[in-house]
Amino acid sequence: MPWAWVITIAILIIDTVISIWNSYAAGITSKASRRLGILFYVLGGLVPMTYVTSIVLSTLLVMFKVVSYTAVDLLLNFDFVVFGAAIIVWGVIATSTSIIVAVGARDWRAGLVSAYNIGALFYDTWDYLSNVGDAIANMVSNLTRDEDNLIVMLIALLAIALTIGLVITYAAYRAGRKRALQYRDSTIVNDPTTQPHVSRE
């Protein structure tokens, strides 16, 4: 197996794990702020997972000659333009949050996370701005080709990828929210101030 494939598979696996973890963390966050938790879930969990799923799905479909290469190329360029922008927005939020945590905690480990997030954000932004023009041009070129039901196929592939991503990430989100509720309940039970006072008199 070529090294390029090994690296690509490794990146997809890492992105999958991160998306699941972000969804779990978003579930925990939603206990304190439901809107913030949903925002974190969509941008940090659902969108990246859908991106990964669409790449895997389209690769398998074109390998088994279920769909044309044009349809797959259109899907991947669409993913890059739309989901890439959403991932950058998430990167801004995640980086800002990690910097605030690092400054507040004054922990070198939190500082390393912040440094990584800053570097990743700069790279993602540079990569997006460098290639988004070509991606849009490729989309327009693919759409002008005389292939039946190309738009329908794009919508269908996106719907399948979104459904798979939603099932996986929402399960992680629910698990995180359940964990937060369990922690809250255990805290209430163990807090002496919440126990009924029984007088000996």
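Here the structure is shown first, and the text comes after it.
Analysis parameters
- Residues numbered from 1 in each chain as written.
- Predicted model: local features only at pLDDT ≥ 70, side-chain atom pairs only at ≥ 80, totals over all residues.
- Heavy atoms only, no water.
- Helix = DSSP H or I, 4+ residues; strand = E, 2+ residues; numbered from the N terminus.
- Buried < 20%, exposed > 50% of the residue type's maximum accessible area, 1.4 Å probe, protein only.
- Contact = heavy atoms within 4.5 Å.
- Phe/Tyr/Trp six-rings, centres within 6.5 Å; stacked < 30°, edge-to-face > 60°.
- Patch = residues over 30% accessible without salt bridge, like charges linked within 9 Å, V, L, I, M, F, W, Y side chains within 5 Å.
- Areas by Shrake-Rupley, 256 points an atom, 1.4 Å probe, with all protein chains shown as cover.
- Salt bridge = Lys/Arg side-chain N within 4 Å of Asp/Glu carboxyl O.
- Core = buried A, V, L, I, M, F, W, Y, C linked by side-chain atoms within 4.5 Å.
- Polar contact = N/O pair within 3.5 Å; in protein donor to acceptor, adjacent residues only side chain to side chain.

### A few points about the environment of G44
- Mapping G44 onto the fold places it in helix α2 (residues 34–63).
- On the accessibility criterion, G44 (1% relative accessible area) is buried.
- Sequence spacing of G44 and W90 is 46 residues, and the spatial spacing of their C-alpha atoms is 6.0 Å.
- Residues within four places of G44 in sequence aside, it is in contact with S19, N22, L39 and W90.

### Examining the packing of aromatic side chains
- Summed over the entire model, instances satisfying the criterion amount to 8 aromatic pairs.
- Consider the rings of Y41 and Y173, whose centres lie 5.1 Å apart with planes at 50°: the pair is tilted. Taken together, the positions of Y41 in helix α2 and Y173 in helix α5 (residues 150–190) put the pair 132 residues apart, joining distant regions of the chain.
- Judged by its relative accessible area of 5%, Y173 falls in the buried class.
- Plain terms: the ring middles of Y170 and Y173 are 5.9 Å apart, the flat faces sit at 20° to each other, and that makes the pair stacked. Note that Y170 and Y173 are positioned in helix α5 at a spacing of 3 residues, about one turn of the helix.
- The rings of Y41, Y170 and Y173 are connected pair by pair, giving a single aromatic cluster.

### With respect to a nonpolar patch on the surface
- There is a patch of nonpolar side chains on the surface, built from I20, I160, I164, V167 and I168 and spanning about 380 Å² of accessible area.
- The element best represented in the nonpolar patch is α5, accounting for 4 residues.
- As for its position among the elements, I20 is in helix α1 (residues 3–32).
- Since its relative accessible area comes to 33%, I20 is described here as partly exposed.

### Description of the nonpolar core
- Within the largest apolar cluster, 30 residues are counted, with the highest numbers of intra-cluster contacts made by F80, V81 and Y128.
- Counting only elements with at least two residues in this core, the list comes to α2, α3 (69–105), α4 (108–143) and α5.
- In terms of residue count, α3 provides more of this core than any other element does, 10 residues in total.
- When near neighbours in sequence (up to four residues on either side) are disregarded, V81 contacts Y128, V132, A135, I136 and M139.

### Details of the side chain of T50
- Here T50 lies in helix α2.
- Residue T50 is classed as buried on the basis of its relative accessible area, which comes to 1%.
- One polar contact links the side chain of T50 to the main-chain carbonyl oxygen of L46, over a distance of 2.8 Å.
- With near-sequence residues (within four places) excluded, T50 lies in contact with F83, A161, L162 and G165.

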